[in-house]
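Geometric and topological summary
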Amino acid sequence: MAGILVFVEQRNSEVRKASLQALSEAKRQGGAGGTVSAVLPGSGISDAAAGLGAWGADKVHVADDANLALYSAEGYAEAVVKAVEQAQPSAVFFAGSAMGRDLAPRVAARLGVGAIPDAVGLTLNGESFSVRRPVYSGKAFATADTAGNTPQVISLRPNVFAAEEMAGAGEVVSLDGLSLSIRAVVKGLVEAAGGELDVAEADIIVSGGRGIKGPENFALIKSLADAVGGAVGASRAAVDAGWIEHSHQVGQTGKVVSPSLYIACGISGAIQHLAGMSSSKVIVAINKDPDAPIFKIADYGVVGDLFDVIPPMVEAIKAL
Amino acid sequence: MNCIVCMTSVPDTASVIKVGGDGKGIDDSGIKWIVSPYDEYALEEALQLTEAKGGEVTVVTYGPDSAEAALRDCLARGAHQAVHVLGGQATLGDSFTIARVLAAVLKDREYDIVLCGIKGVGTDCSQVGQMLAELLDLPHVGVVTELEVGDSSLSAGRDVEGGKERVESPLPALVTCQKGLNEPRYAALKGIMAAKKKPVEKIEVASLGVDEGSGGFYKVENLELPPAKTAGTIIQGEDDAAVAAVELVKLLREEAKAI
């Protein structure tokens, strides 16, 4: 067994960025001594499949079936396991997206092996990966392996590994002989209004906490997020107060994120919140209280009233 | 409607995490063990289902003696009975072994639905539910924030990036529960007293054919704390917020190259 198989995720036939990151990382790891192959389930996806060679795939296994148009853990697991049988890889990579995190364990269990989620670092020891991953929501980092079990099923945290376009065309092959047995059926996908950027995928996040005082003031947070092209996040306090939906929550009981820029506005920095964002590359804090714990992990901070600081910030950014 | 809730006990989320003497696990001295916050949503949903439709809630946990308090907490909140598989220290974070242990416990029991939290807070794997579903040959719906359960099927809403998927599945099925699904209740004094009389079935993990000392699917080589951050640049903006704001934007642009 050698090589890396990468599960590639699409939505409306468009390949997700996090999957391209996983594919490029597989290539950078030298395909772990073999070829980099991709498995792409969906419906009407031949264009998407043809494009994967440019991101590192030597071979693309396509499961094109109307029953796979929308995600199905059981159906997609069937396709991935079939691709594993054909490619015989030593590792299977998933993007650590909602879909990848849901599917990888199901595939691993079907293969009779374990899985390691949320990799932020991969080190090849001989033929096997050691995986660095945050635990306790980033309060600590573990380095772990699969105790000799192969293939190693690993999900990669989005936005940690770079997607790299390269010259290359992958050979596209059809994955035949699937016996789909789908019980839990996805009936539809309702996207959030306005195509809102999700914090889990965003490269820049602007978050509001208790200090923004009320739901109406998320408009101010949004104005800064729009100026920097980022997503709107929130602390648990703001979510529990009912000011914004839980899907925006960053922290130990929300989403754990590592964007390149995280701007915390009116967030004091409870240990559970810090755990969810402390691995961000650049952290900015805006808070009235100079003793707020958030300043201890901030790369840049302004001690001041966010209502006075944010509007001139937005203006200054627009003037850049 | 018989419900099985798989629960794990975890360090209180306010805990300061320190690396233990072996360099592979945490120092658990002084740690308070609680019901993993996401498992509270699973338990609450099961309680509401049985209150509406009859049937019983069985809580299953796999963990050392210290898990007993969290198990009693579940019984105090209204679960009818509990199963405690003793062990789990050597296999912490090994989702597949945990799923195999739970599958061995569940395979001969009768249930309509199995509910888990989306993850055990701490090891943060988010894997046991899906693996357990596969081992029991059940359909699963993960990261559920809306759930309607009928006599032989369920309809659920699950969170995905930037939206929500609507999923329908026949029963029996397994769901993993996300914040937003419900508001978990706390144990009242009456429940705490009643919990003392409720049955807890104890099972030694070895009797399920799992040897914790060998095998395994997830081996931690090293556990470390994140590197300490160096002090950042803090601008005083109390007197002139506009000047501070412009200064911050300049630093983010020119020094951090972040915007």
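Conventions adopted
- Residues numbered from 1 in each chain as written.
- Chains lettered and ligands numbered in written order.
- Predicted model: local features only at pLDDT ≥ 70, side-chain atom pairs only at ≥ 80, totals over all residues.
- Contact = placed C-beta atoms within 7 Å.
- Helix = DSSP H or I, 4+ residues; strand = E, 2+ residues; numbered from the N terminus.
- Pairing = 2+ DSSP bridges.
- Axes fitted to C-alpha atoms, helices over the stretch in contact; angles between N-to-C directions.
- Parallel < 35°, antiparallel > 145°, perpendicular 65-115°, else oblique.
- Left-handed = near helix turned anticlockwise from the far one by under 90°.
- Nonpolar A, V, L, I, M, F, W, Y, C, P; charged D, E, K, R; others polar.
- Core = buried A, V, L, I, M, F, W, Y, C linked by C-beta atoms within 7 Å.
- Buried ≥ 20, exposed ≤ 12 C-beta atoms within 10 Å, placed from the backbone.
- Domains from an automatic or database assignment.
- Expected span 1.5 Å × (residues − 1).
- Arc of directions from axis to C-beta.

**So, the interface of chain B and chain A**
Facing the 73 residues of chain B at the interface are 77 residues of chain A. Listed by contribution, the elements that provide at least two residues to the side of chain B that touches chain A are helix H3 (95-106), helix H4 (128-135), strand E7 (140-149), strand E8 (153-160), strand E9 (163-170), strand E12 (219-224), strand E13 (233-236) and helix H6 (241-254) of chain B. With 10 residues, the top contributor of residues to the side of chain B that touches chain A is H6(B). Note: strand E13 (residues 185-191) of chain A against E9(B), six bridges, orientation antiparallel. Bridging from a neighbouring strand, A:Val190 pairs with B:Lys164 of E9(B).

**Section: the packing of helix H9 (residues 306-318) of chain A against H6(B)**
Packing of H9(A) against H6(B) brings their axes to within 8 Å, and their N-to-C directions diverge by 45 degrees. Judged on the interaxial angle alone, H6(B) and H9(A) are oblique. The crossing of H9(A) and H6(B) is right-handed. When H9(A) is examined against H6(B), the residues A:Asp308, A:Val309, A:Pro312, A:Met313, A:Ala316 and A:Ile317 are found in contact with a partner set consisting of B:Ala241, B:Ala242, B:Ala244, B:Ala245, B:Val246, B:Leu248 and B:Val249. Taken together, the residues that form the contact of H9(A) with H6(B) break down as 12 nonpolar, no polar and one charged.

**Overview of the nonpolar core**
Judged by nonpolar contacts, the single largest core of 191 residues is most densely connected at A:Val6, A:Leu23, A:Val284 and B:Val5. Look past the residues within four positions of A:Leu23 in its chain and what remains in contact with it is A:Val6, A:Val8, A:Val36, A:Ala38, A:Leu52, A:Trp55, A:Gly56 and A:Ala57.

**Some remarks on the sheet that holds strand E8 (residues 121-125) of chain A**
Read across the open sheet, the four strands follow the order E8(A)-E9(A)-E10(A)-E12(B); overall the sheet is antiparallel. The sheet is open, and its two edges are formed by E8 of chain A together with E12 of chain B, each paired on a single side. When strand polarity is set aside, the average angle formed by the axes of neighbouring strands in this sheet is 25 degrees.

**Some thoughts on the domain arrangement of chain B**
Split into domains, chain B comes out as domain 1 (3-208) and domain 2 (233-259). Each of domain 1 of chain B and domain 2 of chain B has a C-alpha centre, and these two points are 46 Å apart.

**Quick notes on helix H1 (residues 17-28) of chain A**
Residue and element names in this part refer to chain A. The end-to-end C-alpha separation of H1 is 17 Å, in line with the 16 Å expected for 12 residues at 1.5 Å each. A large share of H1 lies buried, amounting to 10 of its 12 residues. Where H1 is buried, its residues contact strand E1 (4-7), strand E3 (14-15), strand E4 (36-42), strand E6 (91-95), E8 and strand E11 (152-156). Looking one or two residues past H1, Gly 30 carries a phi angle of roughly 65 degrees, positive in sign.

**A word on the sheet that holds strand E6 (residues 113-117) of chain B**
Across the sheet, 10 strands lie side by side as E13(A)-E9(B)-E8(B)-E7(B)-E10(B)-E6(B)-E1(B)-E4(B)-E5(B)-E11(B); this open sheet has mixed pairing. With partners counted over all chains shown, the strands left at the sheet margins are E13 of chain A together with strand E11 (200-204) of chain B, one partner each. With strand direction ignored, the average angle separating the axes of adjacent strands in the sheet is 30 degrees. Where H3(B) meets the sheet, its contacts fall on strand E1 (3-7), strand E4 (57-63), strand E5 (81-86), E6 and E11 of chain B, and the angle it forms with E4(B) comes to roughly 140 degrees.

**Quick look at the environment of A:Gly304**
Looking at where A:Gly304 falls in the secondary structure, it is placed in the loop between strand E18 (300-303) and H9. Setting aside residues no more than four positions away along its own chain, A:Gly304 makes contact with A:Ile286, A:Lys288, A:Val309, B:Gly237, B:Glu238, B:Ala241 and B:Ala244.

**A closer look at the environment of A:Asp64**
Residues and elements named next belong to chain A. Note on placement: Asp 64 falls in strand E5 (residues 59-64). The exposure class of Asp 64 is partly exposed, given the 18 C-beta atoms found within 10 Å. Taking the C-alpha atoms as reference points, Asp 64 and Ile 267, separated by 203 residues in sequence, lie 46 Å from one another. The residues contacting Asp 64, other than those within four sequence positions of it, are Gly 42, Ser 43, Ile 45 and Ser 46.

**What to know about the domain arrangement of chain A**
Residue and element names in this part refer to chain A. When cut into domains, chain A gives domain 1 (4-174) and domain 2 (193-318). The interface of domain 1 with domain 2 comprises nine residues on the first partner and 11 residues on the second. Of the residues contributing to the side of domain 1 that touches domain 2, the split by class is four nonpolar, three polar and two charged.

**Thoughts on H6(B)**
Along its 14 residues, H6(B) runs 20 Å from first to last C-alpha, staying within 8% of the 20 Å computed at 1.5 Å per residue. All buried positions along H6(B) are accounted for by B:Ala241, B:Ala244, B:Ala245, B:Leu248, B:Val249 and B:Leu252. The buried residues of H6(B) occupy an angular sector of 135 degrees when projected down its axis, which confines them to one face. Exposed and facing more than 90 degrees away from the buried side of H6(B) are B:Lys250 and B:Glu254. On its buried face, H6(B) is in contact with strand E17 (282-287), E18 and H9 of chain A together with E13 of chain B.

**Some details on the pairing of E1(A)**
All names here are of chain A. Across the two faces of E1 the burial is the same, with Ile 4 and Val 6 and Leu 5 and Phe 7 all buried. Note that E1 and E6 share three bridges and pair parallel. Bridging across to E6, Val 6 finds its partner in Phe 93. Of the strand pairs in this sheet, E1 and E4 are connected by four bridges, and their pairing is parallel.

**Quick notes on the packing of helix H4 (residues 98-111) of chain A against H4(B)**
A packed helix pair is summarised by two numbers, namely the angle formed by the two axes and the spacing between the axes. The interhelical angle for the contact between H4(A) and H4(B), taken along N-to-C directions, is 40 degrees, at an axis separation of 8 Å. Considering their axes alone, H4(A) and H4(B) lie oblique with respect to each other. Judged by the sense of rotation from one axis to the other, the crossing of H4(A) with H4(B) is right-handed. Here A:Asp102, A:Pro105, A:Arg106, A:Ala108, A:Ala109 and A:Arg110 of H4(A) lie close against H4(B), whose contacting residues are B:Gln130, B:Met131, B:Ala133, B:Glu134 and B:Leu135. Of the residues in the contact of H4(A) with H4(B), the class split is six nonpolar, one polar and four charged.

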